[in-house]
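Spelled out from the first residue to the last, the chains are:
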Amino acid sequence: MNKNKILSGLLIFGLGIATFIIVAIGIQLVPLSFATAKANPEIAHMRVPVLIMAWFILACILAIVVLAVALFGRIIKNKVFEQKSVSLLKAMGISSLVPIPVLIALVFYTMNNVAGSITNLWAFFGIMVCMMASIFFFLISSLFQNAVDYKTENELTV
Amino acid sequence: MAIIVNLDVELAKQKMSLTELSEKVGITLSNLSILKTGKARAIRFDTLNAICAALNCQPGDILEFRMDEKE
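All residue numbers refer to position in the chain's written sequence, counted from 1. Numbering of ligands from 1 and lettering of chains from A proceed in the order in which they are written. Only residues with pLDDT of at least 70 are given local features in this predicted model, and only at 80 or more are side-chain atom pairs given and counted; all residues enter the totals for whole chains, interfaces and linings. Only hydrogens and water are set aside when side-chain values are computed; all heavy atoms of the structure are taken into account.

Draft legend 1. Looking closely at the overall build of chain A. Segments assigned H or I by DSSP are reported as helices when at least four residues long, segments assigned E as strands when at least two residues long, and all are numbered from the N terminus. Looking only at helices and strands, chain A features five helices and zero strands. Secondary structure of chain A in N-to-C order comes out as α-α-α-α-α. Relative to the compact-globule value of 15 Å for 158 residues, chain A shows a C-alpha radius of gyration of 20 Å, a clear excess of over 25%. For every residue, the accessible area obtained with a 1.4 Å probe (protein chains only) is divided by the maximum for its type, and the residue is called buried under 20%, exposed over 50%, and partly exposed between those limits. Expressed as a percentage of its 158 residues, the buried residues of chain A come to 34%. Here the radius of gyration uses the C-alpha set of atoms, whereas the globule reference equals 2.2 Å times the residue count to the power 0.38.

Draft legend 2. Quick peek at the overall build of chain B. Within chain B one finds five helices and two strands. Of the regular secondary structure in chain B, the N- to C-terminal order runs β-α-α-α-α-α-β. Whereas a compact globule of 71 residues would reach a radius of gyration of roughly 11 Å, chain B reaches 12 Å, a difference of no more than 12%. Per-residue burial over chain B gives 34% buried out of 71 residues. Pairs of residues are marked as contacts when any of their non-hydrogen atoms sit within 4.5 Å. Contacts in chain B between residues at least 24 apart in sequence constitute 60% of all its contacts with a sequence separation of at least 6.

Draft legend 3. The arrangement of the interface of chain A and chain B in detail. Between chain A and chain B, the contact holds seven residues from the first and 11 residues from the second. Buried area between chain A and chain B, both sides added, is near 790 Å², and the carbon and sulfur share of it is 56%. A 1.4 Å probe defines the accessible area here, and the buried area is the portion of it lost by two parts on being joined, summed over both. Three residues stand out in chain A for area buried against chain B, namely A:Leu156, A:Thr157 and A:Val158, and they jointly supply 79% of the buried area on that side. Criterion for a salt bridge: a side-chain nitrogen of Lys or Arg within 4 Å of a carboxyl oxygen of Asp or Glu. Between the two partners, chain A and chain B, sit one salt bridge. As used in this structure description, the phrase polar contact means that two N or O atoms lie within 3.5 Å; if the pair is within protein, one of them must be able to donate a hydrogen and the other to accept it, and residues adjacent in sequence are counted only when both atoms belong to side chains. Counting the contacts that link chain A with chain B gives five residue pairs in polar contact (both at pLDDT 80 or more). Across the side of chain A that touches chain B, the residue classes tally to two nonpolar, three polar and two charged. In this count, Pro and Cys sit with the nonpolar residues alongside Ala, Val, Leu, Ile, Met, Phe, Trp and Tyr, while Asp, Glu, Lys and Arg are called charged and the others, Gly among them, polar.

Draft legend 4. Up close: helix α1 (residues 7-14) of chain B. Residues and elements named next belong to chain B. Those residues of α1 lying buried are Leu7, Glu10 and Leu11. Along the axis of α1, the buried positions cluster into a sector of 100°, meaning they face one direction only. Across α1 from its buried face, at more than 90 degrees, point the exposed residues Ala12 and Lys13. Check the buried side of α1 and you find it contacts β1 (3-5), α2 (18-25), α3 (29-36), α4 (45-55) and α5 (59-62). This arc is taken over the directions from the axis of the helix to the C-beta atoms.

Draft legend 5. Summary view of the packing of aromatic side chains. All names here are of chain A. Ring pairs are drawn from Phe, Tyr and Trp, using the six-membered ring of Trp, whenever the two centres fall within 6.5 Å, and their geometry is named by plane angle: stacked under 30 degrees, edge-to-face over 60, tilted for the rest. With the rule as written, the count across this model stands at three aromatic pairs over all chains. Relative to Phe125, the ring of Trp122 lies with its centre 6.3 Å away and its plane at 90°, an arrangement referred to as edge-to-face. Here Trp122 and its partner Phe125 are both found in helix α5 (residues 119-155), three residues apart, which amounts to about one turn of the helix. In this scheme, Lys NZ or Arg CZ marks a charge over a ring once it lies within 6 Å of the ring centre and within 35 degrees of the ring normal. Directly above the ring of Phe34 sits Arg47, whose terminal nitrogen or CZ lies 3.8 Å from the centroid.

Draft legend 6. How the structure looks around unusual backbone geometry. All names here are of chain B. Even without glycine at this site, Lys15 takes up a positive phi of about 50°. With respect to the secondary-structure elements, Lys15 resides in the loop between α1 and α2. Here the phi dihedral of Asn56 falls at roughly 55°; this positive angle occurs in a residue that is not glycine. By secondary structure assignment, the location of Asn56 is in the loop between α4 and α5. Owing to a relative accessible area of 70%, Asn56 belongs among the exposed residues under this scheme.

Keep in mind these values describe shape, not function.
If you want it as structure tokens, here you go:
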């Protein structure tokens, strides 16, 4: 087993732990939202919409993690430079883009319902992170596409 | 593609099988199959040289240009 495969195996293990943490956070959001609403009754009406948005964003992160596990699995199986890997990376890019409309909706929802909230700063930060991640994934998928094309060309040269 | 590979025609002329050619030329059967079925994107001069020597023919006997209707 070469170094790259060992590293991929370790990363899969790390991503497995990340999946567990994301699910745990998702579960813990319910009591946290109740506690926040109880401590701040003036924003209690925002509990359900914000909770749904947070779950949606967590689901997107979970999707990226699952896709990353599939990609690292392909590295271990020596099937990395195939069209499927490009599709996985594109799916990761799209999954990174999906939370952006939700975060924008959160910004508008907070602006209309809470005066002087710092939630929007975090939302803008989240939008930036999602955009950067998406650009990164699409860039890598484009590079992979070139690599797959080169590999195919090489394999079909007799 | 506009380049047609007539390897099967030359093999039939020489009454030689693809396996025999593979053994003579030292190219794997799968690679020769890729060439024969027209799936190949490129052919090395070394390969062409070996095939021509084995089949006692010219490169033009194996490769043919036909104007593609799309082009």
